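Reading the structure
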Amino acid sequence: MKLTEKNLVFDFDSSLSIQYDETKYYREKFQTISDKISAVDFITIKDNHGYMIEVKDYRHPNTEFKSYKELIPILIKKILSTLSSIIPMKLMADDINEKNIAENFSQITKLTIIFHIELPSRLSKQQMAFFRRDKLELELRRKLLAIYHNLYVVSTKSTVLLPWTVKDIIATP
(Lines give C-alpha, C1' and ligand atoms only; values in the text may rest on other atoms or scores of the structure.)
Protein backbone atom coordinates (compact mmCIF):
# COMPACT_ATOMS: atom_id res chain seq x y z
CA MET A 1 0.00 0.00 0.00
CA LYS A 2 1.45 3.36 -1.06
CA LEU A 3 0.93 6.50 1.02
CA THR A 4 2.47 9.93 0.39
CA GLU A 5 3.70 12.60 2.77
CA LYS A 6 5.22 15.73 1.21
CA ASN A 7 7.77 14.48 -1.37
CA LEU A 8 8.09 10.97 0.05
CA VAL A 9 6.15 7.90 -1.06
CA PHE A 10 5.97 5.14 1.55
CA ASP A 11 5.28 1.68 0.12
CA PHE A 12 4.06 -0.41 3.05
CA ASP A 13 4.31 -4.19 2.99
CA SER A 14 0.91 -4.42 4.66
CA SER A 15 -2.67 -3.60 3.84
CA LEU A 16 -3.02 -2.62 7.51
CA SER A 17 -1.53 0.82 6.88
CA ILE A 18 -3.19 4.20 7.06
CA GLN A 19 -2.35 7.89 6.84
CA TYR A 20 -3.54 8.38 10.39
CA ASP A 21 -3.62 12.16 10.63
CA GLU A 22 -5.87 12.22 7.53
CA THR A 23 -8.45 9.67 8.72
CA LYS A 24 -12.06 10.74 8.87
CA TYR A 25 -12.31 9.69 12.52
CA TYR A 26 -9.26 11.69 13.58
CA ARG A 27 -10.16 14.80 11.55
CA GLU A 28 -13.89 14.95 12.19
CA LYS A 29 -14.17 13.54 15.70
CA PHE A 30 -11.03 13.12 17.77
CA GLN A 31 -9.25 16.32 16.75
CA THR A 32 -12.31 18.39 17.65
CA ILE A 33 -11.79 17.57 21.34
CA SER A 34 -8.93 20.04 21.69
CA ASP A 35 -6.60 22.17 19.60
CA LYS A 36 -3.75 20.61 21.60
CA ILE A 37 -4.24 17.24 19.87
CA SER A 38 -2.11 16.16 16.94
CA ALA A 39 -1.29 12.80 15.41
CA VAL A 40 1.46 10.90 13.65
CA ASP A 41 1.42 10.70 9.88
CA PHE A 42 1.13 6.90 9.49
CA ILE A 43 0.40 3.76 11.44
CA THR A 44 1.03 0.33 10.02
CA ILE A 45 0.86 -3.21 11.36
CA LYS A 46 2.97 -6.13 10.19
CA ASP A 47 2.83 -9.51 11.95
CA ASN A 48 1.32 -8.11 15.18
CA HIS A 49 4.03 -5.42 15.26
CA GLY A 50 2.72 -1.85 15.23
CA TYR A 51 4.61 1.08 13.82
CA MET A 52 3.89 4.77 14.38
CA ILE A 53 5.62 6.99 11.82
CA GLU A 54 6.03 10.75 11.90
CA VAL A 55 7.57 12.43 8.85
CA LYS A 56 9.39 15.74 8.74
CA ASP A 57 10.77 16.78 5.35
CA TYR A 58 12.80 19.92 5.88
CA ARG A 59 13.55 20.05 2.16
CA HIS A 60 9.89 20.95 1.60
CA PRO A 61 9.56 24.75 1.39
CA ASN A 62 6.54 24.91 3.73
CA THR A 63 8.24 23.04 6.57
CA GLU A 64 9.48 25.29 9.35
CA PHE A 65 12.93 24.18 10.54
CA LYS A 66 13.00 23.18 14.20
CA SER A 67 15.90 22.25 16.42
CA TYR A 68 15.95 18.80 18.00
CA LYS A 69 15.01 20.41 21.33
CA GLU A 70 11.94 22.05 19.76
CA LEU A 71 10.94 18.82 18.00
CA ILE A 72 10.91 16.62 21.10
CA PRO A 73 7.70 17.97 22.74
CA ILE A 74 5.97 18.12 19.34
CA LEU A 75 6.82 14.50 18.57
CA ILE A 76 5.86 13.30 22.05
CA LYS A 77 2.48 15.05 21.78
CA LYS A 78 1.84 13.35 18.42
CA ILE A 79 2.68 9.90 19.81
CA LEU A 80 0.57 10.32 22.96
CA SER A 81 -2.39 11.82 21.07
CA THR A 82 -2.33 8.99 18.53
CA LEU A 83 -2.11 6.32 21.20
CA SER A 84 -5.01 7.87 23.11
CA SER A 85 -7.17 7.91 19.98
CA ILE A 86 -6.74 4.25 18.93
CA ILE A 87 -9.33 2.70 21.29
CA PRO A 88 -11.95 5.40 20.65
CA MET A 89 -11.37 4.97 16.91
CA LYS A 90 -11.92 1.23 17.27
CA LEU A 91 -15.24 1.90 18.99
CA MET A 92 -16.52 5.03 17.25
CA ALA A 93 -15.16 5.23 13.68
CA ASP A 94 -17.75 5.15 10.92
CA ASP A 95 -15.27 3.96 8.28
CA ILE A 96 -14.82 0.16 8.41
CA ASN A 97 -11.17 0.36 7.27
CA GLU A 98 -10.36 2.82 10.07
CA LYS A 99 -12.17 0.59 12.60
CA ASN A 100 -10.22 -2.44 11.33
CA ILE A 101 -6.84 -0.68 11.59
CA ALA A 102 -7.65 0.52 15.13
CA GLU A 103 -8.85 -2.96 16.14
CA ASN A 104 -5.64 -4.55 14.86
CA PHE A 105 -3.43 -1.83 16.32
CA SER A 106 -5.03 -2.25 19.75
CA GLN A 107 -3.90 -5.91 19.67
CA ILE A 108 -0.23 -5.43 18.71
CA THR A 109 2.42 -7.16 20.80
CA LYS A 110 5.29 -4.86 19.85
CA LEU A 111 5.50 -1.12 19.13
CA THR A 112 8.15 0.71 17.13
CA ILE A 113 8.19 4.48 16.83
CA ILE A 114 9.79 5.95 13.71
CA PHE A 115 10.69 9.57 13.08
CA HIS A 116 11.51 9.88 9.40
CA ILE A 117 13.39 13.13 8.91
CA GLU A 118 14.80 14.46 5.65
CA LEU A 119 17.22 17.34 5.88
CA PRO A 120 18.33 19.69 3.10
CA SER A 121 21.62 18.71 1.48
CA ARG A 122 23.10 21.93 2.82
CA LEU A 123 22.35 23.10 6.33
CA SER A 124 23.30 26.55 7.53
CA LYS A 125 25.77 26.70 10.41
CA GLN A 126 22.92 27.68 12.70
CA GLN A 127 20.81 24.73 11.54
CA MET A 128 23.75 22.34 11.99
CA ALA A 129 24.27 23.64 15.53
CA PHE A 130 20.59 23.19 16.43
CA PHE A 131 19.74 19.92 14.72
CA ARG A 132 21.38 16.74 15.96
CA ARG A 133 19.73 13.51 14.83
CA ASP A 134 21.67 11.46 17.41
CA LYS A 135 20.63 13.73 20.30
CA LEU A 136 17.02 13.70 19.09
CA GLU A 137 16.94 9.90 19.10
CA LEU A 138 18.67 9.63 22.47
CA GLU A 139 16.36 12.15 24.17
CA LEU A 140 13.23 10.61 22.64
CA ARG A 141 14.31 7.15 23.78
CA ARG A 142 14.82 8.49 27.30
CA LYS A 143 11.47 10.31 27.45
CA LEU A 144 9.36 7.62 25.73
CA LEU A 145 10.96 4.60 27.40
CA ALA A 146 7.67 3.54 29.02
CA ILE A 147 5.73 3.11 25.76
CA TYR A 148 7.90 1.58 23.03
CA HIS A 149 9.99 -1.44 22.16
CA ASN A 150 12.07 0.30 19.50
CA LEU A 151 12.53 3.89 18.43
CA TYR A 152 14.50 5.11 15.44
CA VAL A 153 15.22 8.42 13.75
CA VAL A 154 15.66 7.57 10.07
CA SER A 155 15.87 9.07 6.58
CA THR A 156 15.95 7.72 3.04
CA LYS A 157 19.69 7.24 3.58
CA SER A 158 19.25 5.12 6.73
CA THR A 159 20.24 1.49 6.95
CA VAL A 160 17.55 0.52 9.47
CA LEU A 161 15.51 -2.34 7.95
CA LEU A 162 11.79 -1.66 8.12
CA PRO A 163 8.83 -3.43 6.47
CA TRP A 164 8.35 -0.63 3.93
CA THR A 165 10.33 1.32 1.41
CA VAL A 166 10.47 5.06 0.91
CA LYS A 167 10.87 6.68 -2.48
CA ASP A 168 11.99 10.28 -2.69
CA ILE A 169 9.97 12.07 -5.38
CA ILE A 170 12.55 14.87 -5.49
CA ALA A 171 15.40 12.47 -6.28
CA THR A 172 13.38 10.63 -8.95
CA PRO A 173 14.06 11.85 -12.52
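From a predicted model like this one, the values you see are computed outputs, not experimental measurements.

1. Focus on the sheet that holds strand 5 (residues 49-57)
On the basis of which strands lie adjacent, the open sheet formed by 5 strands has the order 3-4-5-6-7 and mixed pairing. Lying at the two open borders of the sheet, with one neighbouring strand each, are strand 3 (17-18) and strand 7 (150-154). Contacting strand 4 (42-46), strand 5 and strand 6 (110-118), helix 2 (residues 68-92) runs over the sheet at an angle of about 140° to strand 5. Here helix 3 (residues 96-105) sits on the sheet and contacts strand 3, strand 4, strand 5 and strand 6; the angle it forms with strand 4, its principal contact strand, is near 60°.

2. Quick notes on the sheet that holds strand 1 (residues 2-5)
Overall, antiparallel pairing links the 3 strands, which are arranged 1-2-8 in an open sheet. The sheet terminates laterally at strand 1 and strand 8 (164-168), the two strands that pair on one side only. Neighbouring strand axes in the sheet, compared pairwise and without regard to direction, differ in orientation by 25° on average. When strand 2 (residues 8-12) meets strand 8, the two strands line up antiparallel, connected through 5 bridges. Among the inter-strand pairings, D11 is bridged to a residue of strand 8, identified as T165.

3. Focus: the confidence of the model for the chain
In the predicted model, the chain carries a mean pLDDT of 89, and 94% of its residues have values of at least 70. Within the chain, helix 4 (residues 125-130) has the poorest average pLDDT of any element, 65, and strand 4 the best, 97.

4. So, the nonpolar core
Where a protein is soluble and globular, its nonpolar side chains tend to be buried together. Residues Y20, I43, I113, F115, I117, L136 and L140 are the most contacted members of the largest nonpolar core, which totals 36 residues. In terms of residues, this core owes the most to one element, helix 2, which gives 8 residues. Those residues in contact with I117 that lie beyond four places of it in its chain are K56, Y58, L71, F131, R133, L136, V153, V154 and S155. If you look at the next biggest cluster of nonpolar residues, it comprises 11 residues, including L3, F42, I53 and V55.

5. Structural notes on the pattern of salt bridges
Applying the stated criterion to the full structure yields 10 salt bridges. In this structure, D13 and K46 form a salt bridge, with 3.1 Å as the shortest nitrogen-oxygen distance. Here K46 lies in strand 4 and D13 lies in the loop between strand 2 and strand 3, a separation of 33 residues in the sequence. Accessibility expressed as a relative area gives 48% for D13, which makes it partly exposed. Owing to a relative accessible area of 25%, K46 belongs among the partly exposed residues under this scheme. Each of E54, K56 and K78 takes part in salt bridges that share partners, so that together they form one network.

6. Topic: the packing of aromatic side chains
Inspection of the entire model under this criterion finds 7 aromatic pairs. Ring geometry for Y51 versus W164: centroids 5.1 Å apart, planes at 90°, classification edge-to-face. In this pair, Y51 is assigned in strand 5 and W164 in strand 8, connecting sequence segments 113 residues apart. Clustering of aromatic rings is evident, with ring pairs tying together F10, F12, F42, Y51 and W164. Residue placement shows R141 over the ring face of Y152; its charged tip is 5.6 Å from the ring centre.

What counts as what
Along every chain, residues carry numbers that run from 1 in the direction the sequence is written. In view of the model being predicted, local features appear only for residues whose pLDDT reaches at least 70, and side-chain atom pairs are presented and counted only at 80 or more, with totals across whole chains, interfaces and linings using the full set of residues. By convention in this description, side-chain values take in all heavy atoms of the structure and omit both hydrogens and water. Two strands qualify as a pair provided DSSP detects at least 2 bridges between them. Each helix is a run of H or I in the DSSP string that is no shorter than four residues. Each strand is a run of E no shorter than two, and both are numbered from the N terminus. Here a residue-residue contact requires only that any non-hydrogen atoms of the pair lie within 4.5 Å. For helices, the fitted axis covers only the stretch in contact; all axes are lines through C-alpha atoms, and the angles between them, taken along N-to-C directions, range from 0 to 180 degrees. pLDDT is a per-residue confidence score from the predictor, ranging from 0 to 100. As used in this record, nonpolar core signifies buried Ala, Val, Leu, Ile, Met, Phe, Trp, Tyr and Cys residues forming a set joined through side-chain atoms within 4.5 Å. In this scheme, a residue with accessible area under 20% of its type's maximum is buried, one over 50% is exposed, and one in between is partly exposed, where area comes from a 1.4 Å probe on protein chains only. The term salt bridge refers to a side-chain nitrogen of Lys or Arg lying within 4 Å of a carboxyl oxygen of Asp or Glu. Centres within 6.5 Å make a pair out of two Phe, Tyr or Trp rings, where for Trp the six-membered ring is used; the pair is then stacked when the planes are under 30 degrees apart, edge-to-face when over 60, and tilted otherwise. Whether a charge sits over a ring comes down to the Lys NZ or Arg CZ being within 6 Å of the ring centre and within 35 degrees of the ring normal.

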